[in-house]
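# Analysis of the macromolecular model
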Amino acid sequence: GAVVSQHPSRVICKSGTSVKIECRSLDFQATTMFWYRQFPKQSLMLMATSNEGSKATYEQGVEKDKFLINHASLTLSTLTVTSAHPEDSSFYICSAKQERYGYTFGSGTRLTVV
Amino acid sequence: SQQGEEDPQALSIQEGENATMNCSYKTSINNLQWYRQNSGRGLVHLILIRSNEREKHSGRLRVTLDTSKKSSSLLITASRAADTASYFCATEQGFQKLVFGTGTRLLVSP
């Protein structure tokens, strides 16, 4: 079956620094990748949709300069949280879509900004 | 917000009982999917129902879809302690993105 690998699973960073999260589809090429954010005991909020080789489409209210998304290949998308602050602390989950497998989710990254 | 609503927000039952969760959404959809999430983990896909389907079964799961009411329900029969998790509905909308509902936290006690 389809597997999406997301790294790191946990990261703690200092306020003001940037953090990069990777999302890889391991055994399939993803036509589209998605990034979600989840606060404790809440639902997943879609942040952006990315297609290989093109700019990401951000949802309303998501700062594109804050959350940089790069989709360099059909198997890799990265989310960089720039100049992170404590309010950026959250659980970030990626998803990859492929016609045959539908949506496959990574295991998530818990970001803590101190 | 396009996000769907789920109710109840939380549900506590005993093992062996059935659990029913409801989902309402706002826009036209291609399909509706249900996912499970154990605490602090990724999502597990449970079942997908297309917009032209009304009911679907998978093991102990039964999903219904009423597009006229823009609602769906997930029934878990003969629940087990291992079913304890958060359950989310998600609708695939026109531009092929998944929008999640607010979720139901299910607690199944032994």
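Residues numbered from 1 in each chain as written. Chains lettered and ligands numbered in written order. Predicted model: local features only at pLDDT ≥ 70, side-chain atom pairs only at ≥ 80, totals over all residues. Heavy atoms only, no water.

### Some words on the pattern of salt bridges
Residue and element names in this part refer to chain A. Using the criterion set out here, one finds seven salt bridges over all chains in the structure. Note that Asp88 is salt-bridged to Lys66, the shortest N-O span being 2.7 Å. Of this pair, Asp88 sits in the loop between strand E8 (76–81) and strand E9 (90–98) while Lys66 sits in the loop between strand E6 (57–58) and strand E7 (67–73); the two residues are 22 residues apart in sequence, bridging distant segments of the chain. Owing to a relative accessible area of 12%, Lys66 belongs among the buried residues under this scheme. (Salt bridge = Lys/Arg side-chain N within 4 Å of Asp/Glu carboxyl O. Helix = DSSP H or I, 4+ residues; strand = E, 2+ residues; numbered from the N terminus. Buried < 20%, exposed > 50% of the residue type's maximum accessible area, 1.4 Å probe, protein only.)

### Details of the sheet that holds strand E8 (residues 71–76) of chain B
Residue and element names in this part refer to chain B. Here five strands make up an open sheet; going across it, the order is E1-E3-E8-E7-E6 and the pairing antiparallel. Looking at which strands have only one partner, the edges of the open sheet turn out to be strand E1 (5–7) and strand E6 (55–58). Shown here is a sheet whose adjacent strand axes are inclined to one another by a mean of 15°, direction ignored. (Pairing = 2+ DSSP bridges. Axes fitted to C-alpha atoms, helices over the stretch in contact; angles between N-to-C directions.)

### With respect to the packing of aromatic side chains
Enumeration over the complete set of coordinates arrives at eight aromatic pairs over all chains. A ring pair is formed by Phe105 of chain A and Phe100 of chain B, whose centres lie 5.8 Å apart and whose planes are at 75°; its orientation type is edge-to-face. Here Phe105 of chain A, found in strand E10 (residues 102–105), pairs with Phe100 of chain B, found in strand E10 (residues 98–100), and the two come from separate chains. With respect to class, Phe105 of chain A is no different from Phe100 of chain B; both count as buried. Here the aromatic rings of Tyr35 of chain B and Phe100 of chain B are separated by 5.6 Å at their centres, their planes lie at 50°, and the arrangement is tilted. (Phe/Tyr/Trp six-rings, centres within 6.5 Å; stacked < 30°, edge-to-face > 60°.)

### A closer look at the interface of chain B and chain A
Listed per partner, the contact involves 17 residues of chain B and 19 residues of chain A. Approximately 1400 Å² of surface area, both sides summed, lies buried where chain B meets chain A, with 53% of it carried by carbon and sulfur atoms. On the chain B side of the interface with chain A, the three residues burying the most area are Leu43, Lys97 and Leu98 of chain B, jointly 29% of the side's total. Here chain B and chain A share two salt bridges between them. The salt bridge partner of Glu92 of chain B is Lys97 of chain A, with a shortest N-O separation of 2.8 Å. Applying the counting rule to chain B against chain A returns six residue pairs in polar contact (both at pLDDT 80 or more). Mapped by element, the contributors of at least two residues to the side of chain B that touches chain A are strand E4 (31–37), strand E9 (85–92) and E10 of chain B. Among the elements that line the side of chain B that touches chain A, the one with the most residues is E4 of chain B, at three residues. (Contact = heavy atoms within 4.5 Å. Buried area = accessible area lost by both parts, 1.4 Å probe. Polar contact = N/O pair within 3.5 Å; in protein donor to acceptor, adjacent residues only side chain to side chain.)

### Details of the pairing of E7 of chain A
Sheet topology note: the E7 of chain A/E8 of chain A ladder contains five bridges and is antiparallel. Residue pairing across strands places Leu68 of chain A opposite Thr80 of chain A, the latter belonging to E8 of chain A.

### Some points on the environment of Val114 of chain A
Within the element layout of this structure, Val114 of chain A appears in the segment after strand E11 (109–113). The residues touching Val114 of chain A, leaving out its near neighbours within four places in the chain, are Ile12, Cys13, Lys14 and Ser15 of chain A.

### Quick look at the nonpolar core
Within the largest apolar cluster, 25 residues are counted, with the highest numbers of intra-cluster contacts made by Trp35, Tyr58, Phe67, Ile69, Leu79, Tyr92 and Leu111 of chain A. When residues of this core are traced back to their parent elements, those giving at least two are strand E2 (10–13), strand E3 (19–25), strand E4 (32–38), strand E5 (44–51), E7, E8, E9 and E11 of chain A. Beyond its immediate sequence surroundings of up to four residues, Leu111 of chain A is in contact with Val11, Cys13, Val19, Val81, Asp88, Ser89, Ser90 and Tyr92 of chain A. If you look at the next biggest cluster of nonpolar residues, it comprises 21 residues, including Ile13, Cys23, Ile47 and Cys89 of chain B. (Core = buried A, V, L, I, M, F, W, Y, C linked by side-chain atoms within 4.5 Å.)

### Quick word on the state of the cysteines
Enumeration according to the criterion identifies two disulfides over all chains in this entry. Sulfur-sulfur distance for the disulfide between Cys23 of chain B and Cys89 of chain B comes to 2.0 Å. Its S-S torsion of approximately 70° makes the covalent link between Cys23 of chain B and Cys89 of chain B right-handed. Of this pair, Cys23 of chain B sits in strand E3 (residues 19–24) while Cys89 of chain B sits in strand E9, and the two are 66 residues apart along the sequence. A relative accessible area of 2% means that Cys89 of chain B is categorised as buried. Just so you know, Cys13 of chain A is unpaired, no disulfide at all, and the nearest cysteine sulfur is the one on Cys94 of chain A, 18 Å from it. Assessed through its relative accessible area of 8%, Cys13 of chain A is described here as buried. (Disulfide = S-S within 2.5 Å.)

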